[in-house]
Amino acid sequence: MAHALNAAPAILRNSELDADAVRAARVDLAATLRMAARLGMHEGICNHFSLVVPGRDDLFLVNPYGWAFAEITASRLLVCDFEGNVVAGEGVPEATAFYIHARVHKNLPRAKAAFHTHMPNATALAMLEGPPLAWAGQSALKFYGRTVVDEHYNGLALDEREGDRIAASIGDADIVFMKNHGVMVVGASAAEAWDDLYYLERAAEAQRLALSTGRPLKPVPPEMAQRTYDQMRLGDRESAVLHLESIKRRLAKEEPDYLD
């Protein structure tokens, strides 16, 4: 590990972390990690999802280092603070997970959820010169005006300075294409971040398939792209919640141990 994560100060071990809202947040985050594994939106043990602890803006849940997404359970998730302490749970976060997610949550209070993956199709677009996502497919229009490109690949994020740089690069965007690296999605909840992550990969897959034909893309005119985006945003939050609930129902039947 490139950083030392310490035992939690006793004052942080309190009943707030046993509240129903925290348990629900654990279940939501574990569900997104399990479904990401099912859909191939992960890479070994190296990607990471985090969620600010309800009622504690100074703490966040994150998956532990050394465990695949498919192995994560609600109780296996760690609670960390922004100073490098593991407040609850066994193990430590992966080094880059700490430095990226702690700084994103600290510097961007609106980012209650932060999902970072090397999912194949979106990552492939992040490896190309020029704008990654083309406004040529309906699914892509969900992200119209919401993306940013971080052009500055600096290797692994192993210190606070690089974490701060990544956080600053996000600005007002919800989706960051990290050139030569992967993607980061931030949102107001696990449900919203998951919904964006899922449809981002679908949009990237459709674009890759279209380009594989060798024929030019047919972009949607900007005025129609904006209009369609506005239409989509009207029901996005409700749709995201329903999307995650459908995932939890499936997992409860097929992988009930995620609730452990």
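Residues numbered from 1 in each chain as written. Predicted model: local features only at pLDDT ≥ 70, side-chain atom pairs only at ≥ 80, totals over all residues. Heavy atoms only, no water.

So the rule is basically this: UniProt positions are given in the numbering used here, feature names are shortened, and annotations may be inferred rather than shown by experiment.
Per an unreviewed UniProt entry, the recorded name for the protein chain is Aldolase, and the organism is Falsiroseomonas frigidaquae. Turning to the protein chain, the UniProt annotation filed under Sequence similarities (unreviewed entry) states: "Belongs to the aldolase class II family."

## Brief notes about the overall build of the protein chain
Rules: Only DSSP runs of H or I with at least four residues qualify as helices, and only runs of E with at least two residues qualify as strands; both kinds are numbered from the N terminus onward. Here the globule rule reads 2.2 Å times residues to the power 0.38, and the radius of gyration is calculated from C-alpha atoms. Burial status follows relative accessibility: with a 1.4 Å probe on protein chains alone, a residue under 20% of its type maximum counts as buried, one over 50% as exposed, and anything between as partly exposed. The protein chains shown are the only cover counted for residues, whose accessible areas, like all others here, come from Shrake-Rupley with a 1.4 Å probe.
Looking only at helices and strands, the protein chain has seven helices and nine strands in total. For 260 residues, the compact-globule estimate of 2.2 N^0.38 gives 18 Å, and the protein chain sits close to it at 18 Å. Looking at the protein chain as a whole, 50% of its 260 residues are labelled buried. If you sum the accessible surface of the protein chain, you get close to 12,100 Å²; carbon and sulfur atoms cover 53% of it.

## Digging into the pairing of strand β4 (residues 78-81)
Stated formally: Strands are labelled as partners when DSSP assigns at least two bridges between them.
Neither face of β4 is exposed, since Leu78 and Cys80 on one face and Val79 and Asp81 on the opposite face are all buried. Two strands pair when backbone bridges link them, and β4 and strand β5 (residues 85-88) are joined in this way by two bridges, in the antiparallel orientation. Its bridge partner lying in β5, valine 79 is registered against alanine 88. Here β4 hands over to β5 after three residues, with glycine 84 in that stretch at a positive phi of 100°.

## Things to note about the pattern of salt bridges
Inclusion rule: Definition used for salt bridges: Asp or Glu carboxyl oxygen within 4 Å of a side-chain nitrogen of Lys or Arg.
Applying the stated criterion across every chain yields a total of 22 salt bridges. Between lysine 112 and aspartate 57 there is a salt bridge, with its nearest N and O atoms 3.3 Å apart. Here lysine 112, found in the loop between α2 (95-107) and β6 (113-117), pairs with aspartate 57, found in strand β3 (residues 56-62); they are 55 residues apart in sequence, far enough to count as distant. Judged by its relative accessible area of 53%, aspartate 57 falls in the exposed class. One salt bridge connects arginine 165 with glutamate 162, and the closest N-O pair in it is separated by 3.0 Å. Of this pair, arginine 165 and glutamate 162 both sit in helix α4 (residues 160-170), separated by three residues, roughly a single helical turn. We classify arginine 165 as partly exposed; its relative accessible area is 23%. One network of salt bridges, in which partners are shared, links Arg110, Lys142, Arg146, Asp174, Asp195, Asp196, Arg233 and Asp236.

## Remarks on the nonpolar core
Under the convention used in this document: Each nonpolar core is a collection of buried residues, namely Ala, Val, Leu, Ile, Met, Phe, Trp, Tyr and Cys, held together in the definition by side-chain atoms within 4.5 Å. When checking whether two residues touch, look at their non-hydrogen atoms; a contact exists if any pair is within 4.5 Å.
The biggest cluster of nonpolar side chains holds 50 residues, and the ones touching the most others in it are Phe115, Phe177 and Leu200. Among the elements that make up this core, the one with the highest residue count is helix α1 (residues 20-38) (ten residues). For leucine 200, the contacting residues outside a window of four places in its chain are Met119, Ala122, Leu133, Phe143, Ile175, Phe177, Val183 and Val185. Within the second largest apolar cluster, 13 residues are counted, among which are Val104, Ala157, Ala167 and Val186.

## Quick word on the UniProt feature "domain: Class II aldolase/adducin N-terminal" (unreviewed entry) in the protein chain
Taking the UniProt record as the reference, the feature "domain: Class II aldolase/adducin N-terminal" (unreviewed entry) is found at residues 27-208. Helix makes up 34% of residues 27-208 and strand 22%, and the two end C-alpha atoms of the span are 33 Å apart.

## Focus on the packing of α2 against α4
For clarity, the cut-off: For helices, the fitted axis covers only the stretch in contact; all axes are lines through C-alpha atoms, and the angles between them, taken along N-to-C directions, range from 0 to 180 degrees. When an angle is under 35 degrees it counts as roughly parallel; over 145 it counts as roughly antiparallel; between 65 and 115 it counts as roughly perpendicular; any other value is oblique. Helix crossings get a hand from a simple test, with the near helix turned counterclockwise from the far one by less than a right angle marking a left-handed crossing and a clockwise turn marking a right-handed one.
In the contact formed by α2 and α4, the axes pass within 8 Å of each other and the chain directions differ by 50°. Judged by the inter-axis angle, α2 sits oblique to α4. Of the two elements, α2 crosses α4, and the hand of that crossing is right-handed. From α2, Tyr99, Ile100, Arg103, Val104 and Asn107 reach across to α4, where they touch Glu160, Gly163, Asp164, Ile166, Ala167 and Ile170.

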